[in-house]
Amino acid sequence: MMEILATVLGVCFVALVMLSLCRAAARADAMAQHDWRVFCDEKARKARGQ
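Along each chain, numbering runs from 1 in the same order as the chain's sequence is written. Where local features are concerned, this predicted model is filtered to residues with pLDDT of at least 70; where side-chain atom pairs are given and counted, the filter is 80 or more; whole-chain, interface and lining totals use all residues. Values shown for side chains rest on all heavy atoms present in the structure; no hydrogens or waters enter the calculation.

Patch membership needs two things, relative accessible area over 30% and no salt bridge, and members are linked within 9 Å if like-charged or within 5 Å if nonpolar (Val, Leu, Ile, Met, Phe, Trp, Tyr). Each accessible area is a Shrake-Rupley estimate made with a 1.4 Å probe; only the visible protein chains count as cover when residues are assessed. The term salt bridge refers to a side-chain nitrogen of Lys or Arg lying within 4 Å of a carboxyl oxygen of Asp or Glu. Nonpolar side chains collect at one region of the surface, where F13, V14, V17, M18 and L21 lie side by side and expose about 510 Å² of accessible area between them. Put simply, DSSP marks the helices as runs of H or I at least four residues long and the strands as runs of E at least two long, and each gets a number from the N terminus on. Within the secondary structure, V14 sits in helix α1 (residues 2-48). In this scheme, a residue with accessible area under 20% of its type's maximum is buried, one over 50% is exposed, and one in between is partly exposed, where area comes from a 1.4 Å probe on protein chains only. Given the relative accessible area of 47%, V14 is considered partly exposed.

With that settled, consider α1. To estimate how far a helix should reach, multiply one less than its number of residues by 1.5 Å. Helix length check: α1 (47 residues) gives 69 Å between terminal C-alpha atoms against 69 Å at 1.5 Å per residue, within 8%. Once α1 ends, the next one or two residues include G49, with phi positive near 80°.

The next point concerns the state of the cysteines. Criterion for a disulfide: a pair of cysteine sulfur atoms within 2.5 Å. The final tally for this structure, using the stated rule, is 0 disulfides. Not part of a disulfide, C12 finds its nearest cysteine sulfur in C22, a span of 16 Å. Its relative accessible area of 43% is what places C12 among the partly exposed residues. We classify C22 as exposed; its relative accessible area is 52%.

Given below as structure tokens:
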């Protein structure tokens, strides 16, 4: 009985860790895309001479 409980807790813990890693990776990716977009916008604005 205890090993079943330990296994369930272990699986839940691993799932939580993976979920938080995925969310952190998605957030970092979104921030990188935003920074890239801002950089491109600034380059385009300078190219237009504004």
